[in-house]
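# Survey of secondary and tertiary structure
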Amino acid sequence: MDEKKVNDRFIIIRNMLLVVFAVILVKILYMTVFKYEHYTELAENKTYKELPIKAPRGDIKDKNGKILATTKNQFTVQVSADGISKTDSDKNSMANEISLKLINLLEKNKEEYKDEFPIYIENGKYYYTYDKDIAEYKESEGIPQNLNAKQSFYYIVDKLIDEGVLSQEDKRLEASKLQAKLNKNGEYPPILVSKWVFTQEKNKTDWLASYKINEKDISAKDAFDKIKDYYSAKTGKTKTSMPLNEGMSDADARKVLVVRDLLKSQGYSRYNPVTIAQDISESTISQIEENLMELPGVSIANEPVRYYPNGTLAGHVLGHIGKIPSTKESEYLEKGYLKSDLVGLAGIEKNYESQLRGTDGYKKVQVDAVGKITKEIEVSEPKSGDTVYLSIDKDLQEVAEDSLKRVIDYARTGGTFKSQYGDKSGGGTAPNAKSGALIAIDVNTGDVLASVSYPSYDPNLFTKGSISYSEYADLEPENKNDSLSPSKLLNLATQGVFQPGSTFKMITGMAALENGLDPNYAINDPGMIKYGERKFADYIWHKSKRNHGITNLYKAIQESCNIYFYTIGTGKYLGTGSDLGINMGPDKILEYAKLFGLDDYTGLIDEIEENKGTVPTTEQKLKSTQTLLKSYLEKSMGEAFTDITKEKNPKEFESRIDEIVGWAAEENTPGRVEVINRLIKLKVKEDLAEGFADNIVFNYLKFAKWGTADTFNLSIGQGENAYTPAQMARYVAAIANGGNLVELSVVKKTISSDYQTVVEDTNKSEKIDFKNSDNLKELVQGMKQMATLSSAKSVFGTLPVSVAAKTGTAEKSGKIPTKDEYQYLIDHMGTYGVSKDEAVALSEELIKEREEELSKERENEIKEQLKDKKLDEKERKSLEGELAEGVSVKLDYDNDKLMASYLRKAIQQLNPKATDTIIDQFKSDYDAFAWTVAFAPADDPEIAVVAMIPQGNESSYALLPVREVIGAYMGLNKDAEKTTDKNTDEDEKTTNEEKNINFGSQIKN
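- Within an unreviewed UniProt entry, the label attached to the chain reads Penicillin-binding protein, and the organism entered is Romboutsia faecis.
- Taken verbatim from the UniProt record of the chain, the Sequence similarities (unreviewed entry) comment is "Belongs to the transpeptidase family."

As structure tokens, this is what we get:
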């Protein structure tokens, strides 16, 4: 009985559940079939959205709280994918129609909008922007346009080998390690060495694949048509009210694709609104608001935008922001970034990205059919990034930038350098002075107070995420063949490596003092000495055949007596060759250069971009000479042997070249006759042997090993010496502070947006292991005399504060390359002892040979790839097709640098006596680098300042901005108290807010 009751209950419950499910099912059918139109309209008229609220980046301020980089709000136009996909009465998507209307409206109002669609149309032809980027990169680096990624990579490697930066041994490194070495030397080829493709090639492949286009070599036009088809469906869920492939011009179709592709590129986040135009006018705002019914999915937003209120001021220190680099996209996405986010790409913006980046908020809202917000449901406020305080003093930075720019103009064009400390008239003796650097630091802490590189750039250019080609071209060097041609993006203060000239002499002096020199030891300076066939002289001898007379260390620093430093650098009295009784030589000078930090980074590399000069070694010279000799021989001797050629007998050719290179290391350097005989024995053509011997002996072998002449050059900051202004400032600060090597930094502290966390930046300071730090006082005395008794007295004598200083002019060897090297060679062909027609014809043969070499390399590369069993079938077919057609690599005949290199090679093959010196004789010489290093007050130092002007020609020019900066720092400017900042109110507000900071702060060690 009980069992029957239980079964009846189960049946009742089951029937009830069935009825409930039946009712639900009927309701669902009723809503989705019979009432579909009604409920769809309700849903469309009452949509709930979560809108992101962009967080402002943290401010960057100077040491006193004055704003250097901040955020300002701008009205922007945003588009959301779900919004513009609204359908019309026939259920057709209106996305294309809305996109076209929006772009036409923006263009009509002359608004700039984000155009990242990677196919552009020019003169009726279709191109990929990816290909354009690769071509522009190759052009900027002088790489032949026909070289693939791997060939381009090794083209850069070969160029650095030719320049002595890399060696042949480096070339044999595994690709990723070689790439790391390139990066270390400031070369960043946009190439994925794991796959041997340009990053933009991979980006193109990935982008096409997102549209299901997998054809390897599809043309831009065909891809454009396929993408038009992609957005022109006539059936299904994505059918459109405005097909792009029916009667619409490609110009209009591209406008649509600009919007559609931008939304598609957001991936999983494509339903978040995307900004398509920034800083729009009130007229555009009103027109969009008035047309919201026709522009669903389009909205006006008030967004934070990065802003640099002072334009170019401290541009290299601040850096700039931009789009996420494609090679790091996945890395950023994993951290929670959106593809559309802008990130720091240089300077403080890059290295403090994690601190400056804020946390985005969101707003949950209800919107109506036209996307207008009808109700705000929930808001999570964004959190701004941390504020980064720099050690830079904005007012001092302004003085430094202004004075450096004015002195460069004065040096180049003449006139009068105006200053409250005394005007200087004249100038105009440095016509090639077009750039410069200045850095000022606290000698005790290493804090950077001002850092200038001229010319600079305005970081505001990059705040929209990208810049135009013309804008970028303006940032590049005017003469790409000239390594000293001013580059606005290069920070000369921390990345420019230059010979220091006489500003290095205190290192030679300290090394000598530490190894037995009495600072009162004096020589009777002759003005000039001969060593072998070469003359070595003082600056005043070159200028007026005078000398310095009786000179001790103090006077040698004061008057920059080269011969005194030759004497103490070698440890020998040059008149008789007798020993001075001090333990000196090149190794001692190099040892002390390292003690002063000239072989290391300064500490700035963790905050802004920094290169470093390195202290040379006596062994390095031989290695560098051998590298340069091998490069010369490989280029010039391809057809020089009677029995072999470089192309047909590569192994034997390399063996003979290595044998010749080995002569440089022999203890007794072979002379001209010996080299001629050896070359003939190696079966070099007899009519060429003499010319090659002259080049080999007089341009390489004679200078291969370290000699006394090299020590002379080392002791006065010439030769292999080369350092950045930042390294020089650190070294001079160590003299000023009594022997402490301080770490440089431009960052003072960071403060969280809620003012609860402070991270102080502390700089390391290390006591230099001198035998007696008091020896530094002797250097200071010489520097004080330089500022008060030499010609510098007219500059520093007007300051009511004592200064210790040293000037320097460093010679740069070589000639200034022309903008059109090929034409230069043609114009002067008659002086090279060769026929123009013969030289041009031979250069064409050499080019053809190189093309055949590259074609063979490409053919072998394809064959190797085809051996890979895992190779994609489409890729296999493409490679097989390329092989079947016959591989043919062609060099870029429009590349001036490349064509000139082959013409030069042809000239030298036709006439081996036509050395580079002879060929370049009609070019202008480089002018000397102008340096000044100083600190003040001389007896209780606080600030060290270094100024350097490439091709400044006279060190007196570099004195002027140093004086202006010291005067401003010491508060001597007449208008110092009147100096105000545009952001005074904001600065005061910041100061008041900081009073409430919880200083339970972290200290960065």
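Having seen it, we continue.
## Regarding the overall build of the chain
- Helix and strand counts for the chain come out as 39 helices and 30 strands.
- Expressed as lengths along the three principal axes of its C-alpha atoms, the size of the chain is roughly 130 × 80 × 70 Å.
- Across the 1005 residues of the chain, 49% fall into the buried class.
- Of the contacts made within the chain by residues no fewer than 6 positions apart, 72% connect residues no fewer than 24 positions apart.
- Accessible surface, the chain: about 47,400 Å² in total, of which carbon and sulfur atoms supply 48%.
- Of the charged side chains in the chain, 133 are positive and 160 negative; the average position of the first set lies 2 Å away from that of the second.

## A short note on the nonpolar core
- If you look at the biggest cluster of nonpolar residues, it comprises 93 residues, and the most contacted ones within it are Ile348, Leu390, Phe596, Leu598, Tyr731, Ile735 and Phe935.
- It is helix α30 (residues 725-736) that provides the largest number of residues to this core, a total of 9 residues.
- Core analysis: the second largest hydrophobic core is formed by 41 residues, Leu404, Tyr410, Ala433 and Leu438 among them.

## What to know about a nonpolar patch on the surface
- A contiguous nonpolar surface patch, about 570 Å² in accessible area, is contributed by Ile13, Leu17, Val20, Phe21, Ile24 and Ile28.
- Looking at the secondary structure, you find leucine 17 in helix α1 (residues 2-34).
- Take leucine 17: its relative accessible area is 46%, and that puts it in the partly exposed class.

## Here we look at a negative patch on the surface
- Together, Glu639, Glu647, Glu844, Glu845 and Glu852 line one region of the surface with negative charge.
- As for its placement among the helices and strands, glutamate 844 is situated in helix α34 (residues 836-866).

## Regarding the sheet that holds strand β29 (residues 943-949)
- One open sheet accounts for 5 strands, arranged β18-β17-β29-β28-β27; its pairing is antiparallel. Two strands lie at the open edges of the sheet, namely β18 (448-454) and β27 (804-810), each paired on one side alone. Looking at each pair of strands side by side, their axes are set apart by 5° on average, direction ignored.
- In the packing of helix α17 (residues 394-413) onto the sheet, the strands contacted are β17 (436-442), β18 and β29, and the crossing angle to β18 comes to about 30°.

## Brief notes about the packing of helix α10 (residues 220-230) against helix α11 (residues 250-264)
- For the pair α10 and α11, the least separation of the axes is 11 Å and the interaxial angle reads 70°. In this view, α10 runs roughly perpendicular relative to α11, as classed from their interaxial angle. Residue-level inspection shows Lys221, Phe224, Ile227, Lys228 and Tyr230 of α10 in contact with α11, the latter providing Asp250, Ala253, Arg254, Leu257 and Lys264.
- Residues belonging to the contact of α10 with α11 are distributed by class as follows: 5 nonpolar, no polar and 5 charged.

## With respect to α10
- Residues of α10 that are buried: Ala220, Ala223, Phe224, Ile227 and Lys228. One side of α10 carries all its buried residues, which in axial view fall inside an arc of 140°.
- Each element contacted by the buried residues of α10 is listed here: β4 (119-122), β5 (125-128), α9 (199-210) and α11.

## Let's talk about helix α38 (residues 955-969)
- The end-to-end C-alpha distance of α38 is 22 Å, a good match for the 21 Å that 15 residues give at a rise of 1.5 Å each.
- Burial analysis of α38 places 13 of its 15 residues in the buried class, which makes it a mostly covered element.
- Phi turns positive, to about 75°, at glycine 971, one or two residues after α38.

## Looking at the confidence of the model for the chain
- For the chain, per-residue confidence averages 88 on the pLDDT scale, and 92% of positions sit at 70 or higher.
- The model gives residues 975-1005 a pLDDT under 50, and that stretch makes 40 contacts with residues more than four places away or in other chains.

## Quick notes on the layout of surface pockets
- Taken as a whole, the second largest pocket spans an internal volume of roughly 1,700 Å³.
- Every residue lining the second largest pocket is counted, 44 residues in all, and those nearest its centre are Val197, Glu201, Lys216, Asp217 and Glu875.
- Counting only elements with at least two residues in the lining of the second largest pocket, the list comes to α5 (129-141), α6 (149-162), β7 (197-198), α9, α34 and α35 (873-885).
- With 7 residues, α9 is the largest single contributor of residues to the lining of the second largest pocket.
- In terms of residue class, the lining of the second largest pocket is built from 16 nonpolar, 10 polar and 18 charged.

## With respect to the UniProt feature "coiled-coil region" (unreviewed entry) in the chain
- Mapped onto the present numbering, the UniProt feature "coiled-coil region" (unreviewed entry) falls at residues 840-882.
- From the first C-alpha to the last, residues 840-882 spans 31 Å; its make-up is 86% helix and 0% strand.

Rules used throughout
Residues numbered from 1 in each chain as written. Predicted model: local features only at pLDDT ≥ 70, side-chain atom pairs only at ≥ 80, totals over all residues. Heavy atoms only, no water. UniProt positions renumbered as here; feature names shortened; annotations may be inferred. Helix = DSSP H or I, 4+ residues; strand = E, 2+ residues; numbered from the N terminus. Buried < 20%, exposed > 50% of the residue type's maximum accessible area, 1.4 Å probe, protein only. Contact = heavy atoms within 4.5 Å. Areas by Shrake-Rupley, 256 points an atom, 1.4 Å probe, with all protein chains shown as cover. Lys, Arg positive; Asp, Glu negative; His and termini not counted. Charge placed at Lys NZ, Arg CZ, Asp CG, Glu CD. Core = buried A, V, L, I, M, F, W, Y, C linked by side-chain atoms within 4.5 Å. Patch = residues over 30% accessible without salt bridge, like charges linked within 9 Å, V, L, I, M, F, W, Y side chains within 5 Å. Salt bridge = Lys/Arg side-chain N within 4 Å of Asp/Glu carboxyl O. Pairing = 2+ DSSP bridges. Axes fitted to C-alpha atoms, helices over the stretch in contact; angles between N-to-C directions. Parallel < 35°, antiparallel > 145°, perpendicular 65-115°, else oblique. Nonpolar A, V, L, I, M, F, W, Y, C, P; charged D, E, K, R; others polar. Arc of directions from axis to C-beta. Expected span 1.5 Å × (residues − 1). pLDDT = per-residue confidence, 0-100. 1 Å grid on protein atoms, 1.4 Å probe; cavity = no way out; pocket = protein on both sides within 12 Å on 5 of 7 lines; lining within 4 Å. Points joined across faces, edges and corners; volume = space filled by probe spheres on them.

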